Each structure stands twice: as structure tokens, then as C-alpha cells.
Amino acid sequence: RAMHVTNLFPSMAIAFIATTALIMALRPVAPKIGLVDHPAGRKFHQGIVPVVGGLAMFPALYFGLLVMHVPPNILVGVFAASLLLVIVGVIDDKHALSAVARIPAQIAAVLLMVYGAGLVMTDMGNPFGMGVIETGRFSLLFTMLVTIATINAFNFIDGLDGLSASLALIAVLSIAVVAGFANMYAGAALTVAAVILGYLVFNFPTSRNRSIRTFMGDTGSTLLGFSVVWIMIGVCQGADRVISPVHCLWFAALPIFDFFTCFVQRGLRGKSPFKPGHDHVHHILKRGGFTMRRRLSILAGIQIAYSSVGIAGHFSGVPDVVMFAAWSVLGFSQAWIIRFIAKHNRLRGRRATAA
């Protein structure tokens, strides 16, 4: 469904304004409803921080999409799925639910997306150079695996101010670029981008917003992960696809790599992959002596580089098999690259101290 770029401005403006207004309105209410975060254990922020960013982003996003005139079946399907994830996310932010409680809700959200919005992974592209791989009767299972992995990838990496939101922002802007800013899914991507920018006013790591610092919690990170994946499915599947699924992988590469690296490493150590740990990429950089803003800059820069490869590969017509091979090599190498950057910074700090 084509649309003119100027038609997107009302949707984006409403999404941005609604996000900022709702966060400001919900911040005073947060302590009364128990949606606050206290510094303790793995949490090193200063003072009590309201966790209402996700709760504000949800209605703001769908106000924007409603103005954009998204087809009713898609709007209702993804709204219902998002609502379910938000409800579970709010409960999780208050009571710290286990993965056993969260995964069934995510499965149900996928079912709502598939059967309500009609968004399903019918093929995997041509990652091995032997022709397009159709998912066939396994389409629902494959869609479920892709969606749940992406949701949890953005949720897992949300341990640094502005990080998960910035990575989601890069992903949706990349989608808008390949869709030419004139596709319905590009419009949805830009509306999500406006919501994220509204949230980053309260969460970007800078001293200027310290008095209004707000977290999005699991509510927001799962909402963003789901928003990225349903829009990606929209642009890479069906007769109106604009990009290969393989090229789309690059737009969320960093959180996906981090998710699977942590998942495998924790499993090998005999620990639950869903238990919090200190093995994420931002933890490695922290041990390397990087400040919060520097860590955010490095990781956002890496994801921009990944997305640029995906965009360039798409417009240059690079075969899926080449793109997937390169993506896989980086996936296995990312942890090593991050450790190398951290080690180099530590050594440079020691030399500077010694001098």
C-alpha cells in the first residue's frame, strides 16, 4: 500500500507528542502504582526512577498508526498482540515474572499477529544459495521463533540508558529507507521512530534530563522488539515485499547476536539463559573502562554499520547467500570484537596512568 511521505507527518507528530505528554503525566503516578526502579544489585542508577516509558509508548504508537490509516486487520491484530505484551510487561515490571510466565504470553501474541494481522514468515529468502526456502507447514513455528527471539533480544539488551531504544530506532529507520518512505510499513516504522524519540527525551544518558529520567521497563523493550519484528515481516514477506528476509537480519543484528551469544554461553555454564547476567556487550565495554555515553555511542555506531551493510546490500543487489555468510561470520565474531575494543581501552588507560 503506497502512501505519500507528507501523509506521515501527522502520525509522527501525534506519536511523538503523545509519548512525551503521557510520560510526563504518568511519572507522578508511578510511585503510587508501584512502577518505579530502585538502585540495587545490578542497577546502579541514582535515586528512584519511574518505569512508565513503555506504558506511555503503547497508546502513543497506536494513536499515530490510527491516524495513518493502517488496514483494519493489521492494526487490530498487532494492537491486540501489543496490548497482551504490555499487560504482561507491566506485571513483570512490578513483580519480576519468570520466563515461564512471559513466554506463553509471547506465543499468544504471535498467534494474534499471524491470524489477526496476517503477518507470517512464508519464506526465509535464499541464505544458502540453493533457492528460496519456503517455510510451508512450518510457517507458524518459524514465525514464532523469529518473533520471540527478536522480542527477547531487545528485552535482554535493555541494560543501559538509551541502548535498546536506540537500536530499535536504527532498525525502524533502516526499514523506512529500504521501503522508500512511501510504503505503509515504512510509515509504521517512522511512527515507531517518533515514539522512540519521544521516549529518549527522558532516557538518553545526559545530565540535562536527570530530573525527569524515566525507564521503559520490560513493557517498553518487549513492545519495541515486537514492533520491529512485525514491521520487518511486513516488508520482507508476501507479494508486496520490498526486501529479502536475509537483508533484514542486518537491521537488528547487534541485539540478536548479543541474545544468542548470552543464551549459548549461559547454557554452556549450566545457567538459565533467561536469568540476568553481566555478559552482555555493554557489560564487557563497561569492564573496559568506557563511560555510559561512550558505550552507547560505540554500540549504536556498530549497529549503524551493520544496518548500512544491509541497506547497501539491498540496493546493490548482493545475493542472499553472500549477505547471510557475512552476517553469520559477524555473529560469531561480535563478542570477540567487543572484547578486543574493551581490552584495547583498558591497556590505553593503563599506559596513560603510567605516563
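Going by the structure above, here's the rest.
Digging into the nonpolar core
(1) Moving on: In terms of nonpolar packing, the biggest core is built from 103 residues, with Leu65, Ile196, Phe226, Trp230 and Phe251 touching the most fellow members.
(2) Moving on: When residues of this core are assigned to their parent elements, the largest contribution, 14 residues, is made by helix H8 (residues 184-203).
(3) Moving on: Excluding anything up to four places from it in sequence, Phe251 contacts Ala171, Ser174, Ile175, Val178, Met232, Ile243, Gln303, Ser307, Gly310 and Ile311.

Focus on the pattern of salt bridges
(1) Moving on: Throughout the structure, instances matching the rule amount to 5 salt bridges.
(2) Moving on: A salt bridge links Arg213 to Asp161; the nearest nitrogen and oxygen atoms lie 2.7 Å apart. With Arg213 in the loop between H8 and helix H9 (217-236) and Asp161 in the loop between helix H6 (139-156) and helix H7 (163-178), the pair connects residues that are 52 residues apart, well separated along the chain. Per residue, the accessibility class of Arg213 equals that of Asp161, and both read buried.

A look at the layout of surface pockets
Leftover empty space is mapped by rolling, across the atoms, a probe with the size of a water molecule.
(1) Moving on: Each pocket or cavity is described by its volume, and for the second largest pocket that value is around 910 Å³.
(2) Moving on: In terms of lining, the second largest pocket is formed by 33 residues, of which the most central are Leu249, Ile256, Phe260, Phe324 and Trp327.
(3) Moving on: Of all elements in the fold, only H6, H9, helix H10 (245-248), helix H11 (253-268) and helix H14 (320-354) reach the threshold of two or more residues within the lining of the second largest pocket.
(4) Moving on: Looking at the lining of the second largest pocket residue by residue, the classes come out as 28 nonpolar, 5 polar and no charged.

Considering H6
(1) Moving on: Spanning 18 residues, H6 covers 25 Å between terminal C-alpha atoms, matching the ideal 26 Å at 1.5 Å per step.
(2) Moving on: Summarising burial for H6: 13 of the 18 residues are buried, a large majority.

Notes on the side chain of His247
(1) Moving on: Looking at where His247 falls in the secondary structure, it is placed in helix H10.
(2) Moving on: According to the relative accessible area criterion, His247 is buried, its value standing at 5%.
(3) Moving on: Here the side chain of His247 touches Val318 through a polar contact of 3.2 Å, landing on its backbone oxygen.
(4) Moving on: Among residues more than four places away in sequence, those in contact with His247 are Gly310, Gly313, His314, Val318, Asp320 and Met323.

Side note on a nonpolar patch on the surface
(1) Moving on: Judged by side-chain polarity, Phe16, Ile17, Leu197 and Val201 come together as a nonpolar surface patch covering roughly 340 Å² of accessible area.
(2) Moving on: For the nonpolar patch, the elements supplying multiple residues, two or more each, are helix H1 (8-26) and H8.
(3) Moving on: Tracing the chain through its elements places Val201 in helix H8.
(4) Moving on: Its relative accessible area of 38% is what places Val201 among the partly exposed residues.

So, H7
(1) Moving on: In this model, H7 (16 residues) spans 23 Å end to end at C-alpha, consistent with the 22 Å of a helix rising 1.5 Å per residue.
(2) Moving on: The element H7 is largely enclosed, with a buried count of 14 among its 16 residues.
(3) Moving on: Taken from the residues just after H7, Gly180 is the one with a positive phi, measuring 75°.

About the thresholds
- Residues numbered from 1 in each chain as written.
- Predicted model: local features only at pLDDT ≥ 70, side-chain atom pairs only at ≥ 80, totals over all residues.
- Heavy atoms only, no water.
- Core = buried A, V, L, I, M, F, W, Y, C linked by side-chain atoms within 4.5 Å.
- Buried < 20%, exposed > 50% of the residue type's maximum accessible area, 1.4 Å probe, protein only.
- Helix = DSSP H or I, 4+ residues; strand = E, 2+ residues; numbered from the N terminus.
- Contact = heavy atoms within 4.5 Å.
- Salt bridge = Lys/Arg side-chain N within 4 Å of Asp/Glu carboxyl O.
- 1 Å grid on protein atoms, 1.4 Å probe; cavity = no way out; pocket = protein on both sides within 12 Å on 5 of 7 lines; lining within 4 Å.
- Points joined across faces, edges and corners; volume = space filled by probe spheres on them.
- Nonpolar A, V, L, I, M, F, W, Y, C, P; charged D, E, K, R; others polar.
- Expected span 1.5 Å × (residues − 1).
- Polar contact = N/O pair within 3.5 Å; in protein donor to acceptor, adjacent residues only side chain to side chain.
- Patch = residues over 30% accessible without salt bridge, like charges linked within 9 Å, V, L, I, M, F, W, Y side chains within 5 Å.
- Areas by Shrake-Rupley, 256 points an atom, 1.4 Å probe, with all protein chains shown as cover.

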